[in-house]
Amino acid sequence: MDDSLTSQNLNLKKQQLKSENKILRISFIGSTLFLLSECLAAFFTHSQAVLMDCVYDLVDLAMLGPFMILVPKLYKPVTERWPYGFAQIESLFIIIKCGLLLFLDIQLLTDSVELILDGGHVVNAGAVAAFELFISVSCITMFLVLRHLNRHFSSPTVSAELYIWKLDAYSTGGVGLAFIIQLILQLTPLSFVVPYIDPAIAIFMAVILAKEPIMMIWDALKSLILLAPSKEVMDEIRAEVTATLTKFDMGIDFLDVVKTGRKVWVDIYVTQSDDILRISSLKKAHDEIAEKLKADDKEVFVELIPEISPADKQAAPHLEG
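Below, the structure is looked at part by part. (Residues numbered from 1 in each chain as written. Predicted model: local features only at pLDDT ≥ 70, side-chain atom pairs only at ≥ 80, totals over all residues. Heavy atoms only, no water.)

**A few points about the overall build of the protein chain**
Scanning the protein chain from terminus to terminus reveals 9 helices and 3 strands. Listed N to C, the secondary structure of the protein chain is α-α-α-α-α-α-α-β-β-α-β-α in terms of helices and strands. Relative to its full complement of 321 residues, the protein chain shows a buried share of 42%. At a minimum sequence separation of 6, the contacts of the protein chain that also span at least 24 residues come to 76%. Accessible area for the protein chain stands at about 17,600 Å²; split by element, carbon and sulfur atoms hold 66% of it. (Helix = DSSP H or I, 4+ residues; strand = E, 2+ residues; numbered from the N terminus. Buried < 20%, exposed > 50% of the residue type's maximum accessible area, 1.4 Å probe, protein only. Contact = heavy atoms within 4.5 Å. Areas by Shrake-Rupley, 256 points an atom, 1.4 Å probe, with all protein chains shown as cover.)

Given below as structure tokens:
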């Protein structure tokens, strides 16, 4: 039975690795094509809004290469040398990637503000609108394709890629509509605002796009320094564990949960009403808890540890929390 489960887990991991590699390869090819087109458009139109898209896609493409090399290592088993595997390296990559995006976001925001203070500039609104709407439709198509390929599995890396494609679709679509409005304004008494529309759109995009990198950096930092999940998640895990242990006349003495990247470790220090602890009961409880806590996009490792004496925790204060 155990050999059969091990074989199923290995096959599942192989399928997940194949799926993730396929998604990242398609995303890499798509990002390369869109980046080339956006660079050409930014060069010919001198649009800050198009430049914003170009810079974001450039950072994404630059970080996607190392991610593709890292992904196979994320599926290797943990070892004494790598007790958490390579999950923390994935978190580090996300911090670097989102940190670069945030830095460039602030830089482009500053440039756009300076452009407005200098009196703005006029771009070919018709050409920019047509280009941005075409890119938006293309990004929506790519997002739907990748989401379809990712329907049975997810990971922090793939989630970040899907988010970027969705973000590109929204931002380019919004920019396209904004420049259509500029075309209309040129025929009205409000034509004096036209020189400010392009940098104003770039500023709006910079402010909106800053939120997600900050959130992803914060989540990755918590993962990197091995902080416990939120109180809501801890309470949910505690409830599931308690319900199972009660059936085997066991209880929780201490719950230690660590999340890093796509891996979660749950160490449960258990107590029993008497001095007899059956290994078979412990294994059944372990398997039932592991099945309950299993997540679609994360590997969950569960350990049940008999608590010998409360004094043990006093001798190991790093477990308190």
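**Let's talk about a nonpolar patch on the surface**
There is a patch of nonpolar side chains on the surface, built from Phe28, Ile29 and Leu33 and spanning about 290 Å² of accessible area. Locating Phe28 in the fold gives a position in helix H1 (residues 2–45). Overall, the relative accessible area of 30% leaves Phe28 in the partly exposed class. (Patch = residues over 30% accessible without salt bridge, like charges linked within 9 Å, V, L, I, M, F, W, Y side chains within 5 Å. Salt bridge = Lys/Arg side-chain N within 4 Å of Asp/Glu carboxyl O.)

**Quick look at the packing of aromatic side chains**
With the rule as written, the count across this model stands at 3 aromatic pairs. Their ring planes at 65° and their centres at 5.4 Å tell us that Phe34 and Trp165 sit as a pair that is edge-to-face. Taken together, the residues Phe34 in helix H1 and Trp165 in helix H5 (residues 156–185) connect sequence positions 131 residues apart. There is no split in this pair, since Phe34 and Trp165 are both buried. Look at Trp265 and Phe301: their rings are 5.1 Å apart centre to centre, the planes differ by 15°, and that puts the pair in the stacked class. Of the two residues, Trp265 is situated in strand S2 (residues 263–272) and Phe301 in strand S3 (residues 299–306); the sequence distance between them amounts to 36 residues. Relative accessible area serves as the criterion here: at 14%, Trp265 is assigned to the buried category. (Phe/Tyr/Trp six-rings, centres within 6.5 Å; stacked < 30°, edge-to-face > 60°.)

**With respect to empty space enclosed by the protein**
Scanning the entire structure with this criterion turns up 1 cavity of 30 Å³ or more. Lining the largest cavity are 12 residues, and of these Cys98, Leu101, Tyr163, Ile164 and Met216 sit closest to its centre. Going through the elements one at a time, helix H2 (48–74), helix H3 (87–117), H5 and helix H6 (194–224) are the ones with two or more residues in the lining of the largest cavity. Looking at the lining of the largest cavity, its residues break down into 11 nonpolar, no polar and 1 charged. (1 Å grid on protein atoms, 1.4 Å probe; cavity = no way out; pocket = protein on both sides within 12 Å on 5 of 7 lines; lining within 4 Å. Points joined across faces, edges and corners; volume = space filled by probe spheres on them. Nonpolar A, V, L, I, M, F, W, Y, C, P; charged D, E, K, R; others polar.)

**Considering the nonpolar core**
If you look at the biggest cluster of nonpolar residues, it comprises 40 residues, and the most contacted ones within it are Met52, Trp165, Phe179, Ile201 and Met205. Counting only elements with at least two residues in this core, the list comes to H1, H2, H3, helix H4 (125–149), H5 and H6. The leading source of residues in this core is H5, at 11 residues. Apart from the residues lying within four places of it in its own chain, the contact partners of Met205 are Ala49, Met52, Asp53, Asp105, Ser171 and Val175. Counting 18 residues, the second-largest nonpolar core is a separate cluster that includes Met234, Val264, Val266 and Leu293. (Core = buried A, V, L, I, M, F, W, Y, C linked by side-chain atoms within 4.5 Å.)

**Some words on the pattern of salt bridges**
Scanning the model with the defined rule gives 5 salt bridges in all. For the salt bridge of Lys247 with Glu288, the shortest nitrogen-to-oxygen distance reads 2.5 Å. Remark: Glu288 occurs in helix H8 (residues 279–293) and Lys247 occurs in helix H7 (residues 231–247); sequence separation between them is 41 residues. Relative accessible area serves as the criterion here: at 54%, Lys247 is assigned to the exposed category. The closest approach of N and O atoms between Asp287 and Lys283, which form a salt bridge, is 2.9 Å.

**Considering the packing of H7 against H8**
How two helices pack is summed up by the angle between their axes together with the distance between the axes. For the pair H7 and H8, the least separation of the axes is 10 Å and the interaxial angle reads 150°. As the angle between them shows, H7 and H8 are arranged roughly antiparallel. Both H7 and H8 take part in a crossing whose hand is right-handed. Residues Ile237, Glu240, Val241, Ala243, Thr244, Leu245 and Lys247 of H7 lie in contact with H8, whose contacting residues are Ala285, Glu288, Ile289, Lys292 and Leu293. Residue classes in the contact of H7 with H8 are distributed as 7 nonpolar, 1 polar and 4 charged. (Axes fitted to C-alpha atoms, helices over the stretch in contact; angles between N-to-C directions. Parallel < 35°, antiparallel > 145°, perpendicular 65-115°, else oblique. Left-handed = near helix turned anticlockwise from the far one by under 90°.)

Everything listed here is a matter of coordinates, which is why it stays silent on function.
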